[in-house]
Each structure stands twice: as structure tokens, then as C-alpha cells.
Amino acid sequence: MIIGVPKEIKNNENRVGLTPAGVMAFVRQGHTVFIQHQAGHQSGFSDEEYQEAGATILQTIEEVYKKAEMIVKVKEPIAAEYAFVKKDQLVFTYFHFASSEALTKAMIDSGAVCISYETVEESDRSLPLLTPMSEVAGRMSIQQGAKYLEKPLLGRGILLGGVPGVAPAKVVILGGGVVGTQAAKMAAGMGADVTILDISMKRLRYLDDVMPANVTTEYSNEYTIRKHIKTADLIIGGVLIPGAKAPKLITKAMLKEMRPGTVLVDVAVDQGGCFETTKPTTHEDPVYIIDDVVHYSVANMPGAVPYTSTQALTNVTLSYALQLANKGWKKACKDNTSLKKGLNIIHGSVVYPAISEAFDLPLEDVSTYIT
């Protein structure tokens, strides 16, 4: 199969779809790999490294899309890329369709086969291709939150871990999944007073067992959320419903119950965000303020640490990408039920229920395409 890796062009997206090690794995199994010029530069990988691994370098993004049978990338195609995606082309990336009707319609119109990293799901309901980026984003949420709590950045002016004789910051984490767990580890390690809210008692029992003493768990409901936001310094939104829009757990009206300078970090922004006032921002312009509350909602947080996140991503996507290349998407998805769940749009038809529900679109049975 012919694999194409374009340079990411979303604002400040510095990751790349494949590392040189990933390229070598494809080439060793008989595939052809085209990499756009300097696609890996911001992640610390030179064109020369890709060439040594067996890739051919192409100068433009148009050439990559034109030649490739399968596109492997990181973020969803943006508007400038829509026209490059062609009929029957396999596109393997993070799509987050439910948060963008324009993207959904563009990929329907393209006639391509779209497999979303974030909806590939194992039998235990874990999301293997989303997990490493959720780990990165969860840890980064605390780094960024601690920074924007500083007074010059319009936060409350509180040190996350406090100092002897002065209480630490209070961190409230909505969701005890991968993002929430990693955020809690980082915040607890910095000495903050941390509370994790979740609706799964099984998960709360687990977290209660493994977290240090400065982390407490509580069952999540509107009453509990309203109670905690009044005294929180930093609130992390980490709630995920696979492939669907995130629930709005904090409304605009609730901002008035918070103290001025409280910081909200919405890691669920790719799925629409779990705060009503969330709107996607960029690393270039990451925050905005509503009712004296600082909002940080960068849609590609791991793009700020591309050397780490690109390697973490290739570690998990490569085996699935090789299955697609070696078998073709139909057989690969038939043989691997986890990969089958990654199918979102096929030849103009929506085959993933959450996307159909989000935009009231007809839903086709995915099985009819892979029998």
C-alpha cells in the first residue's frame, strides 16, 4: 500500500503522523511511504532520518494526498485540506466528528473511508489510540493550569502546592478516566488539594485506593459540582463519551459562583467541551476570560510537546496502521473488532451512531461494508 504522511497545518500542531521508526516498519513489510518535506521537523525528526528509514520526501501536501492510498496523520483535516481528500482514500487520524458538522459533511462529500483514532475501542471499553494523548493532555492540564493561576496571567495568584504555613490550591477534576487520573497525579505530586468527581463508583473506589492522601474522591452530580466550584482554584474538565459530544457540566451561570481568577482547563474541547462557555483556542492565543474566570481550551494540547507525544502516538497507532496496510481496510476491520469501531464514515455514509445523533444524519450499518 502507498502511505502518505502530510505535514500538520492546524495552528501550532507540531506532531507528525509517523516517526522514522514507524516508516521503517512499513517499508520492511513492503509498503511505500511518502513524507511531506519537514513534516517531522517540529517533532525533532529530519527529512534525512525519514529517508534513511526508507521514505520518499515530497515537497507539497497536495502531492502527498494525491499519491497516497492511506493518509496517516494526527489531527483532523482542516478546511484547507478538504479538497485534497479523495474518493476511496483511507484516512486514519483523530477526527472528533461530533464536534464539527463542517468536517463531517466535507468527509461525507469526499467519498473517503474515515477511521478515527479516538473511537477504536477494545473489548474492555478502553480507547487504546486515545489513551496516550489523554495521558499527555491530562498531565499538561495541570502545568497550564498552574501557570495561568499566576496573577500576571489574570489568575488568582496562588501557588499550586502552597508553602509551609500557607494552604495549597484546590484542584477539582471532572472525570476520573485517563485524563482525570493523570491530572490528579500531577496536581497531587505538586502538593495541591485535589478532588476527583466521577459517576462510576467502581472507578472512584479504584482511585481512592491508588491515589495519595491529598486526593479525595466524590460522586459527581450537579449539587456536588456546585459545592466544589465555589472554593476551587483550578477546575479540569476531563469527561469523555467516546465519539460523542461531551456533557456540559458547568454552565455559564455557574461561573458567577466562582471566585475571580479561577482557572478552567477543558481537555474535552475536541468533543465540544464540558463547560458551556468552552470555545476552542490555540497555543498562539490559549485563554479568554468570561465573568473573571480564566478559560484555557486549546484543542491540541499535546501538540506543544511533540517530541514526547509523536512517539507516544506512533507507539499505539502503528500496529493498527500496519493491519490496514497489510490486509486492506475491509479485511483488517473484519478481523479486528476494535479497529472496526474506528470506522466513522465510509464512501459518503455515516456508520458511527454518535455522529448520526449529533447532526441528525442517516446511519448505515457498518457491517454491510465489510462482509
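Look above for the structure.
Structural notes, computed from the coordinates. (Residues numbered from 1 in each chain as written. Predicted model: local features only at pLDDT ≥ 70, side-chain atom pairs only at ≥ 80, totals over all residues. Heavy atoms only, no water.)

## Regarding the side chain of Thr104
- Along the chain, the position of Thr104 falls in helix H4 (residues 101-110).
- For Thr104, the contacting residues outside a window of four places in its chain are Phe97, Ile345, Ile355, Phe359 and Leu361. (Helix = DSSP H or I, 4+ residues; strand = E, 2+ residues; numbered from the N terminus. Contact = heavy atoms within 4.5 Å.)

## Focus: the sheet that holds strand S3 (residues 56-58)
- Pairing is mixed across the open sheet formed by 8 strands, whose spatial order is S3-S2-S1-S4-S5-S6-S14-S15. Strand pairing shows two members of the sheet lacking a second neighbour, S3 and strand S15 (349-350), which therefore form its edges.
- Pairing analysis gives 4 bridges linking strand S1 (residues 2-5) to strand S2 (residues 32-36), with the strands arranged parallel. Directly across from Ile3, in S2, lies its bridge partner Val33.
- Across the sheet, helix H1 (residues 20-28) lies against S1, S2 and strand S4 (70-72), angled at about 150° from S2, the strand it touches most. (Pairing = 2+ DSSP bridges. Axes fitted to C-alpha atoms, helices over the stretch in contact; angles between N-to-C directions.)

## Topic: the pairing of strand S5 (residues 90-93)
- The two faces of S5 match: Leu90 and Phe92 on one face and Val91 and Thr93 on the other face are all buried.
- By the bridge criterion, 4 bridges tie S5 to strand S6 (residues 113-116) in an arrangement that is parallel. Its bridge partner lying in S6, Phe92 is registered against Ile115.
- For the handedness criterion, the β-α-β arrangement of S5, H4 and S6 is classed as right-handed. (Buried < 20%, exposed > 50% of the residue type's maximum accessible area, 1.4 Å probe, protein only. Right-handed = clockwise from strand over helix to strand, strands pointing away.)

## Quick notes on the nonpolar core
- Membership of the largest hydrophobic core comes to 78 residues, with the highest contact counts inside it found for Phe26, Val171, Leu324 and Leu343.
- With 8 residues, the top contributor of residues to this core is helix H9 (residues 306-327).
- Dropping the residues within four chain positions of it, Leu324 is found in contact with Met1, Met70, Leu90, Phe92, Ile115, Trp329, Ala332, Cys333 and Leu339.
- Leu58, Ile61, Phe97 and Tyr352 belong to the second largest nonpolar core, which has 25 residues in total. (Core = buried A, V, L, I, M, F, W, Y, C linked by side-chain atoms within 4.5 Å.)

## Topic: the packing of H1 against H9
- Axis separation between H1 and H9 bottoms out at 10 Å; the angle between their running directions is 20°. Classed by the angle they form, the pair H1 and H9 counts as roughly parallel. Considering the relative orientation of H1 and H9, their crossing is right-handed. Touching Gly22, Ala25 and Phe26 of H1 are Thr314, Leu318, Ala321, Leu322 and Ala325, all from H9.
- Taken together, the residues of the contact of H1 with H9 sort by class into 6 nonpolar, 2 polar and no charged. (Parallel < 35°, antiparallel > 145°, perpendicular 65-115°, else oblique. Left-handed = near helix turned anticlockwise from the far one by under 90°. Nonpolar A, V, L, I, M, F, W, Y, C, P; charged D, E, K, R; others polar.)

## Looking at the state of the cysteines
- Evaluated as defined, the whole model comprises 0 disulfides.
- Residue Cys333 stays outside any disulfide, its sulfur separated by 12 Å from that of Cys114, the closest cysteine.
- With a relative accessible area of 0%, Cys333 lands in the buried category. (Disulfide = S-S within 2.5 Å.)

## Side note on the packing of aromatic side chains
- Under the definition given, this model contains 7 aromatic pairs.
- Geometrically, the ring pair formed by Tyr65 and Phe84 is tilted, given 5.7 Å between the ring centres and 40° between the ring planes. With Tyr65 in helix H3 (residues 61-67) and Phe84 in the loop between S4 and S5, the pair connects residues that are 19 residues apart, well separated along the chain.
- You can call Phe84 partly exposed: its relative accessible area is 22%.
- Among the aromatic residues, those joined into a ring-pair cluster are Phe45, Tyr50 and Tyr307.
- Here the basic side chain of Lys67 rests over the ring of Phe34, its NZ or CZ set 5.7 Å away from the ring centre. (Phe/Tyr/Trp six-rings, centres within 6.5 Å; stacked < 30°, edge-to-face > 60°. Lys NZ or Arg CZ within 6 Å of the ring centre and 35° of its normal.)

## Considerations on the layout of surface pockets
- Here the largest pocket defines a volume of roughly 1300 Å³.
- Lining the largest pocket are 44 residues, and of these Gly177, Val178, Gly238, Val239 and Leu240 lie nearest its centre.
- Broken down by secondary-structure element, the contributors of at least two residues to the lining of the largest pocket are helix H5 (131-148), helix H6 (178-189), strand S8 (193-198) and helix H7 (201-210).
- Residue contributions to the lining of the largest pocket peak at 4 residues, all from H5.
- The class makeup of the residues in the lining of the largest pocket is 23 nonpolar, 12 polar and 9 charged.
- If you add up the space inside the second largest pocket, you get close to 270 Å³.
- Lining the second largest pocket are 19 residues, and of these Lys10, Glu76, Ser99, Ser100 and Pro280 sit closest to its centre. (1 Å grid on protein atoms, 1.4 Å probe; cavity = no way out; pocket = protein on both sides within 12 Å on 5 of 7 lines; lining within 4 Å. Points joined across faces, edges and corners; volume = space filled by probe spheres on them.)

## A few points about unusual backbone geometry
- Phi is positive for Arg125, close to 75°, though the residue is something other than glycine.
- Note that Arg125 resides in the loop between S6 and H5.
- Among the residues examined, Arg125 registers a relative accessible area of 61% and is labelled exposed.

## Topic: the sheet that holds strand S12 (residues 287-290)
- Read from one edge of the open sheet, 7 strands run S9-S8-S7-S10-S11-S13-S12, paired in mixed fashion. In the strand order of this sheet, the two ends are held by strand S9 (215-219) and S12, each with one partner. For this sheet, the mean inter-axis angle between neighbouring strands, taken without regard to orientation, is 20°.
- Strand direction decides the pairing type here: strand S11 (residues 263-266) and strand S13 (residues 293-296), joined by 3 bridges, are parallel. Directly across from Leu264, in S13, lies its bridge partner His295.
- In the packing of H7 onto the sheet, the strands contacted are S8 and S9, and the crossing angle to S9 comes to about 165°.

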